[in-house]
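Descriptive structure summary
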Amino acid sequence: MNLCFQNPVKCGDRSSSLFSALLITSNYKLGTWSLGFNGRVSENRKNIKPPVLTVKSVSSSVVGTVEGTKRDETSVYDAIVIGSGIGGLVAATQLAVKEARVLVLEKYLIPGGSSGYYERDGYTFDVGSSVMFGFSDKGNLNLITQALKAVGRKMEVIPDPTTVHFHLPNNLSVRIHREYDDFIAELTSKFPHEKEGILAFYGVCWKIFNSLNSLELKSLEEPIYLFGQFFQKPLECLTLAYYLPQNAGAIARKYIKDPQLLSFIDAECFIVSTVNALQTPMINASMVLCDRHYGGINYPVGGVGGIAKSLAEGLVDQGSEIQYKANVKSIILDDGKAVGVRLADGREFFAKTIISNATRWDTFGKLLKGEKLPKEEENFQKLYVKAPSFLSIHMGVKAEVLPPDTDCHHFVLEDDWKNLEEPYGSIFLSIPTILDPSLAPNGRHILHIFTTSSIEDWEGLPPKEYEAKKEDVAARIIQRLEKKLFPGLSSSITFKEVRLVLYSPTIFHAHCRNCDSRSA
């Protein structure tokens, strides 16, 4: 998520909204900037007045205009971006290609955040998910492709023939094939009595997706932009407006009656949002449930971390900067304006616009700590439940433990549908070396296992108990996979690292508090 605290700047006639490759938008108008300002590091400043924040909440982002008086605009950056996750890097590069001078501040040694990577014992591990949308070469929803192209970058990708293989209660096994007709054929073979309902529900998904895909995806929230789009694509905009307040579960229940099939659709949505279908916005679900067939899931050669590295390189090529080991502790306010940031080491940087790629809870709770929350932000935090944390297990295993026809991605819920949203109830599994063997030593595979957890399970534990509990939970998860999918898994492990990741990079939830320092 990007949160933008913007001091108004007059631009040229052309305008564009920032977009992120992960369905995250930060909206404000840009023109052709050729300002030529030089960045500087300033001495500590005092007498900072409290801000007056005007914030417009939009589905997965916040735009904040901070009111105040005039300020000398020389010797400052045009924009500072806090954090180098994909959303922050896309915001930064979109500004940089319009000749703005941008500074990205990242507290770790590499870019990417939850889309980063790390290397151990010859393995290259993705920090987060390896199910990548937005990498196709067609339509308007290929946002990663567009973001890379803007800075002259292109990545080689490997098509994934199966988005995910579901292993569900009552021995229900469903593969989400890349080809839509193959997926529908498999699902209707499991539920032949619901064929019409299946076609109707996924047909609505395609209706919404096609409406989205017909628009040039600059912003789905900014009124002026949408007003212009309405006159160009009135039917598509009316379709989106109609489905905007509706959830996927309610739509599914209009066409489908079989409880197990409805539970399957819950599982489909859980992968999208970590909540069931009744809590998942229909537009969000439709985008994912259709784009996996339209653009497909495509894995970047060398790992997901290459996306952030390519964007960071492109940013520097455009004349902007990224600094690592730069831990932002607070946003500096002056005369009612967000004017800069203060780092943990005392350094300060200043800019016309401050964009936070931290979670909204960290942005308002830490970077602007002590300031009164804007009313719209209060309402947002009341309505949106924070997503679960994750226990993440990165493993290297002997290749022979995996059957030859093993898919890259799996979702496992063995016994009871009621456990879908319970901590440790469901297991997500990625095996990226199925697609790109170069990520592991010869004769080895990577297994990235993650399951939902709860921060309450870990709070207050002494270090030894904390480590012991991580290992115990991980062992039970591995045993479940050994029993369900891969006999002999435990004895085939050559590398294992368990991390507690107390946040969730979902479409409309975020949480990052007391994070395990090794999770980045």
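Residues numbered from 1 in each chain as written. Predicted model: local features only at pLDDT ≥ 70, side-chain atom pairs only at ≥ 80, totals over all residues. Heavy atoms only, no water.

- Looking at an unreviewed UniProt entry, one finds the chain named Amine oxidase and attributed to Arabidopsis suecica.
- Check the Cofactor (unreviewed entry) section of the UniProt entry for the chain; it says "FAD".
- According to UniProt, the comment filed for the chain under the heading Pathway (unreviewed entry) is "Carotenoid biosynthesis; lycopene biosynthesis." (UniProt positions renumbered as here; feature names shortened; annotations may be inferred.)

With respect to the overall build of the chain
- Within the chain, the secondary structure is distributed over 13 helices and 23 strands.
- Relative to its full complement of 520 residues, the chain shows a buried share of 57%.
- Once local pairs closer than 6 in sequence are excluded, the contacts in the chain between residues at least 24 apart make up 72%.
- A total of about 22,000 Å² of accessible surface is found on the chain, and carbon and sulfur atoms cover 52% of it. (Helix = DSSP H or I, 4+ residues; strand = E, 2+ residues; numbered from the N terminus. Buried < 20%, exposed > 50% of the residue type's maximum accessible area, 1.4 Å probe, protein only. Contact = heavy atoms within 4.5 Å. Areas by Shrake-Rupley, 256 points an atom, 1.4 Å probe, with all protein chains shown as cover.)

Considering the confidence of the model for the chain
- For the chain, the average pLDDT comes to 82, and 80% of its residues sit at 70 or higher.
- Across residues 6-72, confidence stays below pLDDT 50; counting only partners more than four residues off in sequence or on other chains, it has 212 contacts.
- Across residues 504-520 the pLDDT falls below 50, and counting only partners more than four positions away or on other chains, this stretch makes 65 contacts in the model. (pLDDT = per-residue confidence, 0-100.)

Some thoughts on the environment of Ile-307
- Positionally, Ile-307 belongs in helix 10 (residues 305-317).
- Between the C-alpha atom of Ile-307 and that of Ala-147, which follows or precedes it by 160 residues, the distance is 9.7 Å.
- When neighbours within four sequence positions are excluded, Ile-307 is seen to be in contact with Ile-86, Met-132, Phe-135, Ile-144, Leu-148, Met-155 and Pro-300.

Quick look at the packing of aromatic side chains
- Overall, the coordinates contain 20 aromatic pairs when judged by the stated rule.
- Seen from their ring centres, Phe-125 and Phe-495 are 5.4 Å apart, and the 25° between their planes marks the pair as stacked. Here Phe-125 is found in strand 10 (residues 123-126), whereas its partner Phe-495 is found in strand 23 (residues 493-501), with 370 residues between them in sequence.
- Overall, Phe-495 belongs to the buried group, its relative accessible area being 10%.
- Three or more aromatic residues joined by ring pairs make a cluster, and in this case those are Phe-166, Phe-264, Phe-270, Phe-390, Phe-411, Phe-428 and Phe-450.
- Arg-360 extends its terminal NZ or CZ atom over the ring of Phe-380, reaching a point 3.4 Å from the ring centre.
- Sitting above the plane of the Trp-458 ring, Lys-469 keeps its charged end 5.0 Å from the centroid. (Phe/Tyr/Trp six-rings, centres within 6.5 Å; stacked < 30°, edge-to-face > 60°. Lys NZ or Arg CZ within 6 Å of the ring centre and 35° of its normal.)

Things to note about the nonpolar core
- With 50 residues, the main nonpolar core has Phe-201, Tyr-202, Phe-264 and Phe-411 as its most contacted residues.
- Top contributing element to this core by residue count: helix 4 (residues 195-214), with nine residues.
- Discounting chain neighbours no more than four positions away, the residues touching Phe-201 are Ala-248, Ile-251, Ala-252, Tyr-255, Ile-256, Ile-265, Met-282 and Leu-289.
- If you look at the next biggest cluster of nonpolar residues, it comprises 38 residues, including Phe-135, Ala-147, Tyr-299 and Ile-355. (Core = buried A, V, L, I, M, F, W, Y, C linked by side-chain atoms within 4.5 Å.)

Brief notes about unusual backbone geometry
- A positive phi is found at Glu-99, a non-glycine position, where the angle reads about 75°.
- Following the sequence through the fold, Glu-99 ends up in the loop between helix 1 (86-96) and strand 8 (102-105).
- Positive phi is not limited to glycine here, since Asn-171 has a value of about 60°.
- With respect to the helices and strands, Asn-171 occurs in the loop between strand 12 (162-168) and strand 13 (172-177).
- Taking relative accessible area as the criterion, Asn-171 reaches 68% and is therefore assigned exposed.

A look at helix 2 (residues 143-150)
- Of the positions making up helix 2, those classed as buried are Leu-143, Ile-144, Ala-147 and Leu-148. Considered in projection along helix 2, the buried side chains sweep an arc of 130° and stay on one side of the axis.
- Gly-152 sits one or two residues past helix 2 and shows a positive phi near 70°. (Arc of directions from axis to C-beta.)

Topic: the packing of helix 4 against helix 7 (residues 248-255)
- Look at helix 4 against helix 7: their axes get within 8 Å of each other, and the N-to-C directions meet at 145°. Handedness of the crossing formed by helix 4 with helix 7: right-handed. Mapping the contact onto sequence places Gly-197, Ala-200, Phe-201 and Val-204 in helix 4 and Ala-248, Ile-251, Ala-252 and Tyr-255 in helix 7.
- Here the residues of the contact of helix 4 with helix 7 sort into seven nonpolar, one polar and no charged. (Axes fitted to C-alpha atoms, helices over the stretch in contact; angles between N-to-C directions. Left-handed = near helix turned anticlockwise from the far one by under 90°. Nonpolar A, V, L, I, M, F, W, Y, C, P; charged D, E, K, R; others polar.)

Focus on the pairing of strand 7 (residues 77-82)
- Most of strand 7 sits out of view: six of its six residues are buried.
- Where strand 7 meets strand 18 (residues 348-356), five bridges bridge the pair, whose relative direction is parallel. Counted as the bridge partner of Ile-80 is Ile-354 from strand 18.
- One ladder, built from four bridges, connects strand 7 with strand 8; its direction is parallel. (Pairing = 2+ DSSP bridges.)

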